[in-house]
Amino acid sequence: QVTLVESGGGLVQAGDSLRLSCSASGRIFSIDHMGWFRQTPGKEREFVASAVWSDGKTYYSDSVKGRFTISRDNTQRTVYLQMDSLKREDTAVYYCAAGEKRSYYSVAYYYRSEYDYWGQGTQVTVSS
């Protein structure tokens with residue numbers, strides 16, 4: 001019903017920047033929120049950032065706040081993740097996710113269960 005495609009990953013040095021992109025296709029206007037998660041071998045997929053169309057709010061994990069910025073296109077279900085001051089610890093596969101509007105009032109956007117669609121991932125490697 002919804003397909004997500006990420007791009008923009010690559011190999012950079014510590015302190016450098018990257019910008020990831022995620023474009024949605026299909027029933028894109030059913031999407032209420034989109035976000036980014038990342039995963040390294042042996043670890044759970046963890047929340048990075050999210051953007052919500054219904055109220056315009058953004059959310060960040062403590063580990064990236066102040067360094068990463070999520071932005072969105074108002075006419076499309078497209079999000080970007082501007083990553084500055086990259087650290088070696090940021091190395092991971094980054095996944096784009098999208099969720100439809102929930103029926104309950106409070107939504108925990110940092111939970112994987114709040115998202116219904118996932119992209120294939122894009123590798124980000126930070127060397128030092």
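Our structure's up above, just so we're on the same page.
Engineer: An account of the sheet that holds strand 3 (residues 18-26) is needed here, citing residue identities and associated values.
Structural biologist: Read across the sheet, four strands follow the order 1-3-8-7 without closing on themselves; strand pairing throughout is antiparallel. Bordering the open sheet on either side are strand 1 (2-7) and strand 7 (68-73), each of which pairs with just one other strand. When strand polarity is set aside, the average angle formed by the axes of neighbouring strands in this sheet is 15 degrees. Judged from the six bridges that link them, strand 7 and strand 8 (residues 78-83) form a sheet pairing that is antiparallel. Note that in strand 8 the partner of Ser71 across the bridge is Tyr80.

Engineer: Lay out the pairing of strand 8 in plain terms, naming residues and giving numbers.
Structural biologist: In the sheet, strand 3 pairs with strand 8 via six bridges, with the strands oriented antiparallel. The partner of Ser23 across the bridge, within strand 8, is Thr78. A loop of four residues connects strand 7 with strand 8, the two strands running antiparallel in sequence.

Engineer: Which residues make up the pattern of salt bridges, and what values go with them?
Structural biologist: Within the structure shown, the criterion is met by six salt bridges. Notably, a salt bridge pairs Arg102 with Glu114, separated by 3.1 Å at the nearest N-O pair. Here Arg102, found in the loop between strand 9 (92-100) and strand 10 (117-118), pairs with Glu114, found in the loop between strand 9 and strand 10; they are twelve residues apart in sequence, far enough to count as distant. With respect to class, Arg102 is no different from Glu114; both count as buried. Overlapping salt bridges, with partners in common, bring together Arg38, Glu46, Arg67 and Asp90 in one network.

Engineer: Account for the side chain of Thr78, with residues named and values stated.
Structural biologist: Secondary-structure assignment places Thr78 in strand 8. Looking at Thr78, the relative accessible area reads 6%, which means it is buried. In contact with Thr78, other than residues within four places in its own chain, are Cys22, Ser23, Met34, Trp53, Ser71, Arg72 and Asp73.

About the criteria used
Residues numbered from 1 in each chain as written. Predicted model: local features only at pLDDT ≥ 70, side-chain atom pairs only at ≥ 80, totals over all residues. Heavy atoms only, no water. Pairing = 2+ DSSP bridges. Helix = DSSP H or I, 4+ residues; strand = E, 2+ residues; numbered from the N terminus. Axes fitted to C-alpha atoms, helices over the stretch in contact; angles between N-to-C directions. Salt bridge = Lys/Arg side-chain N within 4 Å of Asp/Glu carboxyl O. Buried < 20%, exposed > 50% of the residue type's maximum accessible area, 1.4 Å probe, protein only. Contact = heavy atoms within 4.5 Å.

Function cannot be inferred from these measures alone, as they are strictly geometric.
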